[in-house]
Amino acid sequence: PITIIDPTMPVKTIYLIRHGKSQGQMAKQLGLDRRTDDQLLDCGLTSVGQRQAADIPSLISPKELESIELVLSSPLTRALHTALIAFPNKNIMVHFALREVGLKAPENVPRPMSQVLADLESVIINRSPSAELDTSSLQPKDWPRDYTPAVIKMERIRKVFQWLYQDRKETVIAVVCHYNVIRSAVVDGEKLRPMNGIPIRCKLYSNGDLVVDEYNVLQSTP
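The residue count restarts for each chain, going from 1 along the sequence in the order it is written. It should be noted that, the model being predicted, local features are given only for residues of pLDDT at least 70 and side-chain atom pairs only at 80 or more, the latter also being counted only at that level, while totals for whole chains, interfaces and linings use all residues. Heavy atoms from the whole structure form the basis of all side-chain values; hydrogens and water molecules are not counted.

Draft legend 1. Fine view of the sheet that holds strand β2 (residues 70-73). Strand order in the open sheet formed by 7 strands is β4-β3-β2-β5-β1-β6-β7, with mixed pairing between adjacent strands. If you trace the sheet from one side to the other, it starts and ends with β4 (133-134) and β7 (210-212), each paired once. Strand pairing is defined by DSSP finding a minimum of two bridges between the two strands. The helix and strand labels rest on DSSP assignments: H or I over at least four residues marks a helix, E over at least two residues marks a strand, and numbering proceeds from the N terminus. For strand β1 (residues 12-18) and strand β5 (residues 172-177), the ladder comprises 6 bridges, and the chain directions are parallel. Within the sheet, the bridge partner assigned to Y15 lies in β5 and is A174.

Here it is as structure tokens:
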């Protein structure tokens, strides 16, 4: 049953961010078959994608950027790499339900976090010493698992945002994930066409509804 929004409860702010352009998106130009080539297994960002990730802070006003209290990331390499580049001074937590699932594409096949972290070591070591990187608190015991959990995608992802509202104290959160995850998370999300590295500011209500903010300015003047 659909829970009604409680108008007396505060609203949280969520910045949804699709990862920077990935090697999977550039498969054709690289001469690879995106559907089958194992070279794209949990692939990372292209050089363009890394620049897009670095530009993310400039698309959020300094005041809004400062207000972000937590960054939540998909466990897939392209998303975590984006989060690490964009938010070197913020606490980052990996939420494994935010991974993209579908079509058994190699880029969506997860790897052990130890492998992902080893590949991203050069970015991790340059982070602020005070910024936490939590990749284990929410990790399923059977990770990495390459199957769709026994729950429909929209419900699986909705539970992430219900958890963010009910169980986390932070009120402003950036969530770095994927095209179809964003479309599944947002109310009427099928109308969205998330672009790489472009923040979408949303309101998170008490019942877990995530709605695009009408005042969704991608770039604000300081």
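Now that the structure has been shown, the text picks up again.
Draft legend 2. Structural detail: the nonpolar core. Among the nonpolar cores identified, the biggest contains 25 residues, and I14, L16, L72, F161, L164, V175 and L210 are the most heavily contacted of them. Of all the elements, helix α6 (residues 153-167) adds the most residues to this core, at 6 residues. As used in this record, nonpolar core signifies buried Ala, Val, Leu, Ile, Met, Phe, Trp, Tyr and Cys residues forming a set joined through side-chain atoms within 4.5 Å. For every residue, the accessible area obtained with a 1.4 Å probe (protein chains only) is divided by the maximum for its type, and the residue is called buried under 20%, exposed over 50%, and partly exposed between those limits. Grouped together as the second largest cluster of nonpolar side chains are 23 residues, I60, A79, F87 and I92 included.

Draft legend 3. Representation of the pattern of salt bridges in the model. One speaks of a salt bridge when a side-chain nitrogen belonging to Lys or Arg is within 4 Å of a carboxyl oxygen belonging to Asp or Glu. Within this structure, the stated rule accounts for 10 salt bridges. Notably, a salt bridge pairs R111 with D42, separated by 2.9 Å at the nearest N-O pair. Of this pair, R111 sits in the loop between β3 (92-94) and α4 (113-119) while D42 sits in the loop between β1 and α1 (47-55), and the two are 69 residues apart along the sequence. Residue classification places R111 among the buried residues on the basis of a relative accessible area of 11%. The buried category is assigned to D42, whose relative accessible area is 2%. Residue D119 pairs with R111 through a salt bridge whose shortest N-O separation is 2.9 Å. In this structure, a network of salt bridges that share partners links the residues D42, R111 and D119.

Draft legend 4. Up close: the state of the cysteines. By definition, disulfides here are pairs of cysteine sulfur atoms that lie within 2.5 Å. Throughout the structure, instances matching the rule amount to 0 disulfides. In this structure C43 is not part of a disulfide, and its nearest cysteine sulfur, from C177, lies 16 Å away. Sulfur of C177: no disulfide; nearest cysteine sulfur belongs to C202 and is 9.9 Å away.

Draft legend 5. Region of interest: the pairing of strand β6 (residues 199-204). Of all 6 residues in β6, 5 are buried; the element is thus mostly enclosed. In terms of strand pairing, β1 meets β6 through 6 bridges, oriented antiparallel. Among the inter-strand pairings, I14 is bridged to a residue of β6, identified as C202. Both β6 and β7 contribute to a ladder of 3 bridges, which runs antiparallel. For C202, the partnering residue across the bridge sits in β7 and is V212.

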